[in-house]
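# Structural overview for review
The primary structure of each chain is shown beneath.
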Amino acid sequence: MHNQPHARPATPPRALTRRGFLGAAGVALGLGAAGGYVTGRAAATDRPPATPDFAPDRPLLLQGATVLTLAPATQALPDHDVLVQGGKIAALGPGLAAPADAAVVDARGKILMPGMVDTHRHVWQTPFRGFGANWSFADYLQYMREQFGLRFTTEDFYNATFMGLVDALDAGVTSTVDWSHGLRSTADAEAALQAAHDSGGRVRFAWGRAAGAEIAVVPDWVLEGDVARVVRDPSLVGGLVSLQLALDWSGRPGFPDAAAWRWAREQGLPVTTHAGLYGAIEDEFITQLQQNDLLLPSTTYVHAGTLRPESYDLIAASGGAVSIAPESEFNFGQGYPPTADVAARGIRVGLSTDTVTYQSADVLSAMRAVLNGDRAEQNLEAQNARAAISPPRLSVDTVLEWGTLGGARVLGSDAEIGTIEIGKRADLVLLSTESPAMANADNYPQGAAVLHATRDEVDAVLVDGRVIKYAGELTGDLAARARRLGTTTRDRIIAQLDPAALEQTRHPARS
Ligand SMILES: [Zn+2]
């Protein structure tokens, strides 16, 4: 028996939905009659059920969803309930009894999947969304990293990080590796860490350092003491926010980078690094890591698109992981997504979005892009050889795994998150199937999630059992605050550029 939320006593919703607000406003102002189609009565009955009280300590029962457990990735359990209690998945099964004090959500017809994991996103760039729509990689370095990036203040790092993490949560990304490589001071890092806590998301803060239009500098700053202090400060690192280092190859003779890498190893801090980046960071870097005994199992290699087979072998033997950012690799030419190379070697794979400055930057899009890329490559190879087209080697189910459990494996967090299993932390995404694009999604729910769902379908998001998004709307003032802060930073920085220089960032001169 389903306990319908709308059968509860009418109480004022904590957060009015867009539809609810318009409906209520229409009734109050008599706009329904004036508007023609929308009568006052229709507007009133069209109001969605009141939002249940999602107090953090209250159990939450999601009823009747199609559950993609990701254990295994090919499993879809129809009409299943999930009970969330104490931040964890406490029960999974059909027809679960609701604890007496539970908040109950009717999830019938909807798809419940693990929260998505973005293994590499330069969150601080979010206020500059779309500026790079037609950038080359060189334009990105010049405009985003140097012209905009070097104007960031500490407050801007707070604003931009909060804005970007809220954007990710809205799209169903419950865990984000915030690849924060625009920072110029420890205060900047502390501000970004505070924004991570305030967002409510699960964040792996990857602490890097600005190098302007240079790709990298020698990471001496790691050894200056502030990283050691911050990592032991529970007000900055703890709860849903963890820390790693974002170190890019300096390319300097003698590999002076090694000291910072050794320190990270001693501290047990994982490192994420751009590697296999066409024309910039290639096999020599992997060789230097090997020579210094620094090919570590905790390292994430981002892009990894242009390496020789021997380098992939070394990464596989070390136990390291790869973050593929397919939209970025297609648009900026860092290298072709190395899907076949890493899959053949059993390397842990997660997906990533890189930046909103020149691509969509949500993991649903990344799943589609990586699938398209692998299938395009496979088919083109067959056509060039005049061979018969084979069935696709990369399945929808595998890319769904890469976007969820795979990302959790990259973080080393797969014992806690990444699947819907009893005992795991409740990082969950509920996809609506109401839109015409999702009708008959139950034909192959994994396919609908990967091929047809967009962030508009992201109906509810839970992180560690806390409701961050419900009925298609972010809770509290997350959305409004993110927009306000992000716009403040964008406006403050572009005001420093003369109009011609600003216009040039949108339309770089072509030589
Ligand atoms: Zn990157």
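Just so you know, the residues in each chain are numbered from 1, in the order the chain's sequence is written. Side-chain atom pairs in this predicted model are given and counted only at pLDDT of 80 or more, local residue features only at pLDDT of at least 70, and totals for whole chains, interfaces and linings cover all residues. As a rule here, side-chain values come from all non-hydrogen atoms in the structure, and water together with hydrogens is ignored.

Attention now moves to the overall build of the chain. Strands are runs of DSSP state E lasting at least 2 residues, helices are runs of H or I lasting at least 4, and numbering of each runs from the N terminus. From N to C terminus, the chain includes 17 helices and 17 strands. Here the chain has a C-alpha radius of gyration of 23 Å; the compact-globule value for 511 residues is 24 Å, and the two agree. Oriented by its inertia axes, the alpha-carbon framework of the chain measures out at about 75 × 55 × 50 Å. Throughout this description, buried means an accessible area under 20% of the type-specific maximum (1.4 Å probe, protein chains only), exposed means over 50%, and partly exposed covers the range between. Taking all 511 residues of the chain together, the buried fraction comes to 55%. Any two residues having at least one pair of non-hydrogen atoms within 4.5 Å are treated as being in contact. Across the chain, every contact between residues at least 6 apart in sequence was considered, and the portion connecting residues at least 24 apart equals 75%. The Shrake-Rupley method, run with a 1.4 Å probe, gives the accessible areas here. Residue values count only the displayed protein chains as cover. With an accessible surface of roughly 20800 Å², the chain has 52% of that area assigned to carbon and sulfur atoms. We take the radius of gyration over the C-alpha atoms and set the globule estimate at 2.2 Å times the residue count to the 0.38 power.

Looking now at helix α15 (residues 445-452). Residues spaced three or four apart along an α-helix face the same direction, because each turn holds 3.6 residues. With respect to burial, α15 is a largely interior element, six of its eight residues being buried. Buried residues of α15: Pro445, Gln446, Gly447, Ala448, Ala449 and Val450, and no others. Looking at the buried positions of α15, the neighbouring elements they touch are β1 (60-68), β2 (76-85), β5 (111-114), α13 (363-384), α14 (396-411) and β14 (428-431).

Another aspect to go through is the nonpolar core. Working definition of a nonpolar core: buried Ala, Val, Leu, Ile, Met, Phe, Trp, Tyr and Cys residues. They are joined through side-chain atoms within 4.5 Å. Phe148, Trp207, Leu245, Tyr301 and Met367 are the most contacted members of the largest nonpolar core, which has 108 residues in total. The greatest single-element share of this core, amounting to eight residues, is contributed by helix α5 (residues 154-170). No fewer than three residues from each of domain 2 (52-114 + 418-475) and domain 3 (116-411) sit in this core. Residues contacting Tyr301, with those up to four places away along its chain left out, are Thr273, Ala275, Ile286, Leu289, Leu295, Leu296, Ile315, Gly320, Ala321, Val322 and Ser323. By size, the runner-up hydrophobic cluster in this structure holds 21 residues, among which are Val82, Ala107, Leu430 and Val467. A domain assignment, automatic or from a database, supplies the domain bounds used here.

Right, let's talk about empty space enclosed by the protein for a bit. For cavity detection a 1 Å grid was placed over the protein atoms alone, and a set of points counts as a cavity when a 1.4 Å probe fits there but cannot get out; an open set counts as a pocket when protein lies on both sides within 12 Å along at least five of seven lines, with lining residues being those that have an atom within 4 Å of a point. Grid points are joined across faces, edges and corners, and a volume is the space filled by probe spheres set on the points. Scanning all chains against the criterion turns up three cavities of 30 Å³ or more. Volume-wise, the largest cavity comes out at about 140 Å³. Residue lining of the largest cavity: 16 residues in total, with His122, Phe137, Tyr140, His181 and His274 positioned closest to the centre. Among the residues making up the lining of the largest cavity, the classes are represented as six nonpolar, seven polar and three charged. One number sums up the size of the second largest cavity: a volume of about 110 Å³. Every residue lining the second largest cavity is counted, 14 residues in all, and those nearest its centre are Arg209, Val217, Ala246, Leu247 and Asp248. Put simply, Ala, Val, Leu, Ile, Met, Phe, Trp, Tyr, Cys and Pro go in the nonpolar bin, Asp, Glu, Lys and Arg in the charged bin, and everything else, Gly too, in the polar bin.

The next thing to look at is the confidence of the model for the chain. Residues of the chain with pLDDT of at least 70 account for 90%, and the chain-wide mean is 90. Per residue, pLDDT measures the predictor's confidence, with a range of 0 to 100. Between residues 1-45, whose pLDDT stays under 50, and residues either more than four places distant or in other chains, the model counts 44 contacts.

Once that is clear, we can look at the coordination of the zinc ion. Counted as donors are N, O and S atoms no farther than 2.8 Å from the metal, or 3.2 Å for Na, K and Ca; water is not among the atoms, and sites may therefore look incomplete. Here the zinc ion is held by the protein donor atoms His120 (NE2), His122 (NE2), His274 (NE2) and Asp354 (OD), which lie 2.1 to 2.8 Å from it. Within one chain, the residues serving as donors to the zinc ion are arranged as H-x1-H-x151-H-x79-D. Here His274 lies in strand β10 (residues 271-275) and His122 lies in the loop between β6 (116-121) and α4 (137-148), a separation of 152 residues in the sequence. As far as burial versus exposure is concerned, His122 and His274 are alike and both buried.

What follows deals with the side chain of Asp170. Of note, Asp170 is situated in helix α5. Non-local contacts of Asp170, meaning those with residues more than four positions away in its chain, are made with Arg455, Val458, Lys469 and Leu474.

On any regular strand, side chains alternate: one points to one face of the sheet, the next to the other face. With six of its six residues buried, strand β8 (residues 202-207) lies for the most part within the structure. Residues Arg202, Arg204 and Ala206 point to one face of β8 and Val203, Phe205 and Trp207 to the other, with burial holding for every one of them. Strand pairing follows a simple DSSP-based rule, namely that at least 2 bridges must link the two strands. Strand direction decides the pairing type here: strand β7 (residues 173-180) and β8, joined by six bridges, are parallel. Looking across to β8, one finds that Trp179 is bridged to Ala206. Here, the term right-handed applies to a crossover whose path from the first strand over the helix to the second runs clockwise when the strands point away from the viewer. Handedness of the β-α-β unit built from β7, helix α6 (residues 186-199) and β8 comes out right-handed. Note: β8 against strand β9 (residues 241-246), five bridges, orientation parallel. Its bridge partner lying in β9, Phe205 is registered against Leu243. Once you follow β8 into helix α7 (residues 226-231) and on to β9, the crossover reads as right-handed.

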